[in-house]
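Chain and residue survey
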Amino acid sequence: MERSFIMIKPDGVQRNLVGEIIRRFETKGFTLVGLKLMAVPRELAEKHYDVHKDRPFFSGLVEFITSSPVIAMVWEGEGVVTSARKIIGATNPLSAELGTIRGDYGVSVGRNLIHGSDAIETAQREIKLWFSEEELTSWEPSIKSWLYE
């Protein structure tokens, strides 16, 4: 089964959207295999956003993600990376479709509520960065046979 890293950013936590965001992934049929509320250490934030380190907005990203707790999660399911990106919506909430998390709740690019891995390889890197193997649980939900052939 494919896995994806999903993070509810500080604005999503502060706006009390944690339950609503988790509900969307559960309702889709994905399996939660890792979850933690955490204050993000600066070093982890810098590693996570490393791909943007030479961009002018890098320090702002790091400051924001370390400003308040986040919810770090790993979700599992067939096609979860691509599907999660559709559930999340476009990076700019003003362009995001209604019915997506960002389209329904987002207001600005700098406060777009949620992060989701953009590719399988990215997901693998991000999961290893945010979770140890011991923090992930493999389990078989009873509804699996109702989701997959």
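Just so you know, these numbers come straight off a predicted model, no measurement behind them.

Conventions used here
- Residues numbered from 1 in each chain as written.
- Predicted model: local features only at pLDDT ≥ 70, side-chain atom pairs only at ≥ 80, totals over all residues.
- Heavy atoms only, no water.
- UniProt positions renumbered as here; feature names shortened; annotations may be inferred.
- Helix = DSSP H or I, 4+ residues; strand = E, 2+ residues; numbered from the N terminus.
- Buried < 20%, exposed > 50% of the residue type's maximum accessible area, 1.4 Å probe, protein only.
- Contact = heavy atoms within 4.5 Å.
- Arc of directions from axis to C-beta.

**What about the UniProt feature "active site" (unreviewed entry) in the chain?**
Under the UniProt annotation, "active site" (unreviewed entry) lies at His115. Assignment of secondary structure puts His115 in strand E4 (residues 114–116). Take His115: its relative accessible area is 15%, and that puts it in the buried class. Setting aside its immediate chain neighbours within four residues, His115 contacts Phe5, Ile6, Met7, Lys9, His48, Ile88, Arg102 and Glu126.

**Details of helix H4 (residues 58–65)**
Every buried residue of H4 is accounted for by Phe58, Val62, Phe64 and Ile65. Projected down its long axis, H4 shows its buried positions confined to an angular sector of 165 degrees, all on one face. On the buried face of H4, the contacting elements are strand E1 (3–8), helix H1 (10–14), helix H3 (42–48) and strand E3 (70–76).

**Quick notes on helix H5 (residues 80–88)**
Residues Val80, Val81, Ser83, Ala84, Ile87 and Ile88 constitute the buried set of H5. Down the axis, H5 shows its buried residues gathered within 165 degrees of arc, on one side only. Considering only its buried residues, H5 is in contact with E1, helix H2 (18–28), E3, helix H6 (101–105), E4 and helix H7 (120–130). Gly89 sits one or two positions beyond H5 and adopts a positive phi of about 95 degrees.

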